[in-house]
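Spelled out, the chains give:
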Amino acid sequence: MAITVTPRHPALGAEIRGVDMRRPIDPETFKAVHDAWMKHLVVVFPDQPVSDQEHVAFTRHFGEPEIFHQTSLHLRSDRVKEIFLVSNVDENDRLMAPAEPSQKQLSSARQWHTDSSYRTMPSVGSLLHGIEISRTGGITQFINMYMVYDELPEGLRRQVEGRKARHDFGMLHRLVGNPPPTKEEAAAMPPAWHPMVRRHPVTGRKSLYVSSIYNDAVEGLDEAAARTLIEELSEFAAQPKYMYRHVWEPHDVLMWDNRCTVHAVTPHDPAERRVMHRTTIVGSESVVAG
Ligand SMILES: [Fe+2]
């Protein structure tokens, strides 16, 4: 079956039909999907009621699935270790309150970020399966960071060219008050410095690479100036012309490129169940400066 690719927004985001994620894909289909992904940055596969095992198997076409390093909050599935739970319902079907540590940590996703940027070799992309979706919010918003880089005002451009920013998983604790990483978790995930302008290994294009939830330092700036710069960059980036807002339908699977996009989710009524399973594709190379 031939696949069809339909853009959903001029900046980024497209819908892919004609792929059954429950079955292995042939090299021709893989190429068509990969090309669409590189061109549109975020792609949605509607109507894909995959099991966690099928979700992981599909992810493996694109790289190795990450196994989340933090186990204390049970955001990593106890059933399928490659699954990260973006849910307010635990694996015993218990609705969790916003004040619970795991929910506090997940609330950081309301601010612009790219997944696993705190790793020495950050993630390539993520695949998120909407199992129970929100109707009161929970919209996942994406920004095309190639376009943002291309159109950065001169004053901001000068401040990011040739500069590195630090990405620290431990910053989540300072930001949203979830429990700090344990000694072991902190030792397993030391902060990483990455260029603020990066070159995409596949497309060769330059993009802005910053994260408002993990960047806790910028080369040559004190803490307050670093924070101000990251906030100014995020504010410039968050313009509708650079943004696709994904309104979920049940069993959408969304696949995005973590190297050239950032994302943030809108709040939803905490009494409403939201169950989403994510795989994260492990990076196999350092960030290359653009
Ligand atoms: Fe995320």
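The shown structure was predicted, so the numbers you read here are calculated from the model rather than taken from an experiment.

Trainee: Let's hear about the layout of surface pockets: which residues, and what values?
Mentor: Within this model, the largest pocket holds a volume of roughly 320 Å³. Looking at the largest pocket, it is lined by 17 residues, and the ones nearest its centre are Asn88, Gln103, Leu106, Arg110 and His268. Residues that form the lining of the largest pocket fall into these classes: nine nonpolar, six polar and two charged. By volume, the second largest pocket amounts to about 240 Å³. The wall of the second largest pocket is formed by 16 residues, among which Leu73, His74, Asp90, Glu91 and Met96 lie closest to the centre. Residues of the lining of the second largest pocket, tallied by class, amount to five nonpolar, five polar and six charged.

Trainee: How would you sum up the nonpolar core? Please name residues and give values.
Mentor: Ranked by size, the top nonpolar core spans 27 residues in total, and within it Leu12, Val42, Phe142, Phe169 and Leu254 carry the most contacts. The contacts of Leu254, once residues within four sequence positions are left out, are Val42, Val43, Val44, Ser126, Leu127, Leu128, Phe142, His246 and Trp248. Of all hydrophobic cores here, the second largest spans 24 residues; its members include Ile143, Leu156, Val160 and Leu208.

Trainee: Give me the lowdown on the environment of Trp248, citing residues and values where you can.
Mentor: One can find Trp248 in the loop between strand E12 (243-246) and strand E13 (253-257). Distance in space between the C-alpha atoms of Trp248 and Pro49 is 14 Å, their sequence separation being 199 residues. When near neighbours in sequence (up to four residues on either side) are disregarded, Trp248 contacts Leu128, His129, Gly130, Ile133, Arg135, Gly138, Thr140, Leu254, Arg274 and Met276. Reaching out from Trp248, the side chain makes a polar contact with the side chain of Thr140 at a distance of 2.8 Å.

Trainee: Tell me about empty space enclosed by the protein, and name the residues and values.
Mentor: For the coordinates displayed, the defined rule picks out three cavities of 30 Å³ or more. Approximately 320 Å³ is the volume attributed to the largest cavity. Around the largest cavity, the lining is made up of 24 residues, and of these Phe84, Ala109, His113, Asp115 and Arg278 lie nearest the centre. Listed by contribution, the elements that provide at least two residues to the lining of the largest cavity are helix H3 (101-107) and strand E14 (261-265). Looking at which element gives the most residues to the lining of the largest cavity, the answer is E14, with three residues. For the lining of the largest cavity, the per-class residue count stands at 14 nonpolar, six polar and four charged.

The rules we used
- Residues numbered from 1 in each chain as written.
- Predicted model: local features only at pLDDT ≥ 70, side-chain atom pairs only at ≥ 80, totals over all residues.
- Heavy atoms only, no water.
- 1 Å grid on protein atoms, 1.4 Å probe; cavity = no way out; pocket = protein on both sides within 12 Å on 5 of 7 lines; lining within 4 Å.
- Points joined across faces, edges and corners; volume = space filled by probe spheres on them.
- Nonpolar A, V, L, I, M, F, W, Y, C, P; charged D, E, K, R; others polar.
- Core = buried A, V, L, I, M, F, W, Y, C linked by side-chain atoms within 4.5 Å.
- Buried < 20%, exposed > 50% of the residue type's maximum accessible area, 1.4 Å probe, protein only.
- Contact = heavy atoms within 4.5 Å.
- Helix = DSSP H or I, 4+ residues; strand = E, 2+ residues; numbered from the N terminus.
- Polar contact = N/O pair within 3.5 Å; in protein donor to acceptor, adjacent residues only side chain to side chain.

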